[in-house]
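Given next are the chains, with one letter for each unit.
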Amino acid sequence: MEILEVPFPILDEGQVLVRNHYSVISAGTEGKTVTDARKGYIAKARSRQKEVQQVIEMIKIQGLKKTYDTVMNKLEAPSALGYSCAGEVIATGSKIKGFKVGDRVACGGLNAVHADVVAIPENLCVKIPDDVDLKHAAFATIASIAIQGIRQADLRMGENCLIIGMGLIGQITAMLLEASGVHYTGIDVDINQVNQCLKAGLSNVYIRNQAGIVEIIERQTHGYGVDAVIITAGTSSLDPVEFAGEVARKKGKVVIVGAVPTGFSREKYYRKELDLRMSSSYGPGRYDANYEEKGIDYPVGYVRWTENRNMQSFIDMLEHKKIDISNLITHVFDLDKAPEAYQMIVDKSETFGGILIQYETGKELKKEISIHDLKINPLVPGVSFIGTGSFAQNFLLPNLREQCNFIGISTAHGNNAQYIAGKYKFSYATPDTDRIVSDENANTVFIATRHNLHARYVIAALNAKKHVFVEKPLAMNHGELEAVTDAFYRNKDKLLMVGYNRRFAPAVLAIMKLLTREQPKALNIRVNAGQMPADHWVNDPETGGGRIIGEACHFIDLAGFIAGGKILTVSANACIESHNLIDTVTINLNFSNGSIAAIQYFSNGNKRLPKESIEVFCDGVVMQIDDFKKLTVFGKGTKKIKFKNQDKGHKNELHEFMNAIRTGKTCPIPFDEIISGMKATFAVLESVKRGQTIYLTEDEKNQEGIVSP
């Protein structure tokens, strides 16, 4: 654990930038994270069997060294902690209407980390009235977890509730129930935690193993049993859920808030017809990208209490003095002393309740940080990056290390920016993408963001007179593609490269040595793409564009490269499954030199089948690529070439691009081929929707007697 000096996070259009005054340490969640992080590699492997199996499969495909580098990227990168804080708005995104600079806000979610400055989506912020202490408001997100548990219990005034687990969330749950007219009883396995509750002013809190605890609960509920049990404990023991079944009344409710197993005995739950419910974090909207990232609220008439409205209800209770949590706060640490707080939690050296980190709000903060002194080698290009996710870290940066001067980096989260900048010796890290594209020390900008930002940054970089490398896709729609085309032709002396790496793979290059562009070829490309969750950002129409635009464009480009002709027509059919995603398709392409290509891009397969198979039929010869690990040529005889590891061409691609910049050569992928492939990709979706062949040129339409609409 360490305190890092990092750049500000990038402020998205739907976010507010907040300078933290206080943040809350969630001792249960964060304590476990810290404990797990301190385990050795063997202990980590034992506790993460699924990830171990993924590593084994990756070694089989990519080889030991590549897999090792990928795993170490994950293990070495620092992870920010925290999810509940409060502070002051210092900037707002362009789409923000409900907040202004100077507003005091409570914040939650993955971005609400322990840091001087955080960037928070609009639906994960609530305003704080002037008379509410920021220390108390910082608990809003943690309190919303307790509030959601209570809402799931559906308790009425005068009813009884047992709280199992009297940590911070359990204590807040007790206070909220008392303020709502619900009688509570609390139990915990730790006598120190029970004593802490009593010090905080909570009554009716007992040690779990106290003699007669069942009788105490029966007496407090007039012999009926509790109307609801809320489990806020975190344990691998079955005791909480079993004990809940023992003390709940008939047709009562058991609500699981904490991390506990649910493999309970059937008898009591069956005989009492108990209702077992899960409570999902802060409430409705949690884990929904449309709600949390895009700011699309749920109508209050249909979803009364969302995570945002749960947070607001807690702030309202503070404002109206319905609850007072000051006695829950046991420790306050300055940011630079935060590691001591976590050590206390791990060691359990003191009894603790609410633990706050406080920030020095008077000091001047710098948006940008310098990492390494700028040392320019005039013989190689100067490169800056916008976006450095896992793909950039695993495939781009390692292969560029010896080919350029790394200048500036801008990526969403400050801890990632600091780590990558330090590892690859970038000069600075900044949240300001305008600074990246305008820096005169860099003549080349790499763009590896989410897909919806590609065209925007490509245009900005070209207009700033930079060479550009952008990961696929170049654009999300025809409008963006036209705008990129205009920017390119205004700056034709600059190279624009798209990350179509497969045409640079050794297996593909070996095939091309056996062919001429003029030869008509028949191609069959089968892609076992694998399943992707329906709510993954790539499947979001606005952010990722879907898998055809996001990945199938790779294989359209590859088909065009091997075929050697211009794409004339596109036809496609899709297998539509439960989520109505267009991600299992057959694509047929016709080319100007008489070549044809069939691309089967299937997401409904099994990962045991190798991902990619490419077959090229031409003049009595068949060339077959097996997942970029083996090439077989069937001609007068049979020739097999095995490659040491799977090589999809990333290294060759980057070498060719950087060499073109150094020597003044043309771009390794001609611009007209990039545009043609992108138009053909859009045509795939159009063909699926319209159920007809799409003609990419007017000449082809006229030859077929088809009139354009």
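What counts, and where the lines are drawn
- Residues numbered from 1 in each chain as written.
- Predicted model: local features only at pLDDT ≥ 70, side-chain atom pairs only at ≥ 80, totals over all residues.
- Heavy atoms only, no water.
- Helix = DSSP H or I, 4+ residues; strand = E, 2+ residues; numbered from the N terminus.
- Rg over C-alpha atoms; globule rule 2.2 N^0.38 Å.
- Buried < 20%, exposed > 50% of the residue type's maximum accessible area, 1.4 Å probe, protein only.
- Contact = heavy atoms within 4.5 Å.
- Areas by Shrake-Rupley, 256 points an atom, 1.4 Å probe, with all protein chains shown as cover.
- Lys, Arg positive; Asp, Glu negative; His and termini not counted.
- Charge placed at Lys NZ, Arg CZ, Asp CG, Glu CD.
- Phe/Tyr/Trp six-rings, centres within 6.5 Å; stacked < 30°, edge-to-face > 60°.
- Salt bridge = Lys/Arg side-chain N within 4 Å of Asp/Glu carboxyl O.
- Patch = residues over 30% accessible without salt bridge, like charges linked within 9 Å, V, L, I, M, F, W, Y side chains within 5 Å.
- Axes fitted to C-alpha atoms, helices over the stretch in contact; angles between N-to-C directions.
- Parallel < 35°, antiparallel > 145°, perpendicular 65-115°, else oblique.
- Left-handed = near helix turned anticlockwise from the far one by under 90°.
- Nonpolar A, V, L, I, M, F, W, Y, C, P; charged D, E, K, R; others polar.
- Pairing = 2+ DSSP bridges.
- pLDDT = per-residue confidence, 0-100.
- Arc of directions from axis to C-beta.
- Disulfide = S-S within 2.5 Å.

The next thing to look at is the overall build of the protein chain. From N to C terminus, the protein chain includes 24 helices and 29 strands. For 709 residues, the compact-globule estimate of 2.2 N^0.38 gives 27 Å, and the protein chain sits close to it at 30 Å. Expressed along its principal axes, the backbone C-alpha trace of the protein chain runs to roughly 90 × 60 × 55 Å. Here the protein chain holds 709 residues, and 53% of them are scored as buried. Put simply, 68% of the contacts in the protein chain that link residues at least 6 apart link residues at least 24 apart. As presented, the protein chain carries roughly 33000 Å² of accessible surface, and 50% of it is formed by carbon and sulfur atoms. In the protein chain, which carries 82 positive and 81 negative side-chain charges, the distance between the mean positions of the two groups comes to 5 Å.

Once that is clear, we can look at the packing of aromatic side chains. Applying the stated criterion across every chain yields a total of 16 aromatic pairs. Ring centres 6.2 Å apart and planes at 90° place the aromatic pair Phe 385 and Phe 426 in the edge-to-face group. Of this pair, Phe 385 sits in strand β15 (residues 382-386) while Phe 426 sits in the loop between α16 (414-424) and β17 (428-429), and the two are 41 residues apart along the sequence. The class for Phe 385 is buried, based on a relative accessible area of 0%. You can call Phe 426 buried: its relative accessible area is 0%.

Right, let's talk about the pattern of salt bridges for a bit. For the structure shown, the criterion picks out 28 salt bridges. For Lys 100, the salt bridge identified is with Asp 103, shortest N-O distance 3.0 Å. One network of salt bridges, with partners in common, ties together Arg 502, Arg 547, Glu 551, Lys 611, Glu 612 and Lys 648.

A cluster of acidic residues, Asp 334, Asp 336, Glu 340 and Glu 360, forms a negative patch on the protein surface. Mapped onto the secondary structure, Glu 360 falls in the loop between β13 (354-358) and β14 (369-370).

Before going further, it helps to spend a moment on the packing of helix α4 (residues 64-76) against helix α15 (residues 390-400). At their nearest, the axes of α4 and α15 sit 10 Å apart, and the two run at 130° to each other. Between α4 and α15, the interaxial angle falls into the category oblique. The hand of the α4/α15 crossing is right-handed. Of the residues in α15, those in contact with Lys 66, Thr 70 and Asn 73 of α4 are Gln 393, Asn 394 and Phe 395. In terms of residue class, the contact of α4 with α15 is made up of one nonpolar, four polar and one charged.

Let us look at the side chain of Thr 444. Note that Thr 444 resides in strand β18 (residues 444-447). When its relative accessible area of 0% is taken as the criterion, Thr 444 is described as buried. Residue contacts for Thr 444: discarding those within four places in its chain leaves Pro 381, Gly 382, Val 383, Ser 384, His 467, Phe 657 and Ile 661.

Let's shift gears to the side chain of His 136. Tracing the chain through its elements places His 136 in helix α5 (residues 134-137). With sequence-adjacent residues up to four places away left out, His 136 is seen in contact with Phe 314, Leu 318, Asp 324, Ile 325, Ser 326 and Ile 329.

We now examine the pairing of strand β21 (residues 522-528). Taken across its seven residues, β21 has five buried, putting it largely inside the fold. Sheet analysis places β21 next to strand β24 (residues 596-602), joined by seven bridges and oriented parallel. For Asn 528, the partnering residue across the bridge sits in β24 and is Phe 602. Bridge count for β21 against strand β25 (residues 612-618) is six bridges, and the pairing is antiparallel. Among the inter-strand pairings, Asn 524 is bridged to a residue of β25, identified as Glu 615.

Geometrically, the link from Lys 472 to Pro 473 is a cis peptide bond, its omega value of 0° lying close to zero. Of note, Pro 473 is situated in the loop between β19 (467-470) and α19 (478-490). Notably, Asp 154 is not glycine yet its phi reads approximately 55°, a positive angle. Looking at where Asp 154 falls in the secondary structure, it is placed in the loop between α6 (140-153) and β6 (160-164). Accessibility expressed as a relative area gives 37% for Asp 154, which makes it partly exposed. Its identity is not glycine, yet Tyr 287 carries a phi of approximately 70°, on the positive side. Look at Tyr 287 and you get exposed, because its relative accessible area is 58%.

Turning our attention to the confidence of the model for the protein chain. Averaged over the protein chain, the pLDDT score is 94; the fraction of residues at 70 or greater is 98%. Contacts for the low-pLDDT stretch residues 704-709, under 50 throughout, to residues beyond four places or in other chains number five contacts.

Turning our eyes to something else, we now look at helix α14 (residues 338-347). Of all the residues in α14, the buried ones are Ala 338, Ala 341, Tyr 342, Met 344 and Ile 345. Along α14, the residues classed as buried sweep out an arc of 155° about the axis, all on the same side. As for α14, its buried residues are in contact with β1 (15-25), α1 (27-37), β12 (329-334) and β13. Trailing α14 by a residue or two, Lys 348 shows a phi angle of about 55°, which is positive.

The subject of this paragraph is the sheet that holds β6. One open sheet holds the six strands; their spatial order is β8-β7-β6-β9-β10-β11, and the pairing between them is parallel. At either margin of the open sheet sits one strand with a lone partner, and together these are β8 (205-207) and β11 (275-278). Averaged over all pairs of adjacent strands, the angle between strand axes in this sheet comes to 20°, irrespective of strand direction. Pairing analysis gives four bridges linking strand β10 (residues 248-256) to β11, with the strands arranged parallel.

The next thing to look at is the state of the cysteines. Enumeration according to the criterion identifies zero disulfides in this entry. Free of any disulfide, Cys 197 has its nearest cysteine sulfur in Cys 161, 14 Å distant.

To continue, consider the environment of Cys 667. Residue placement: Cys 667 occurs in the loop between α22 (650-663) and α23 (671-690). For the pair Cys 667 and Lys 272, spaced 395 residues apart in sequence, the C-alpha to C-alpha distance is 73 Å. Excluding residues that lie within four positions of it along the chain, Cys 667 makes contacts with Leu 495, Leu 496 and Met 497.

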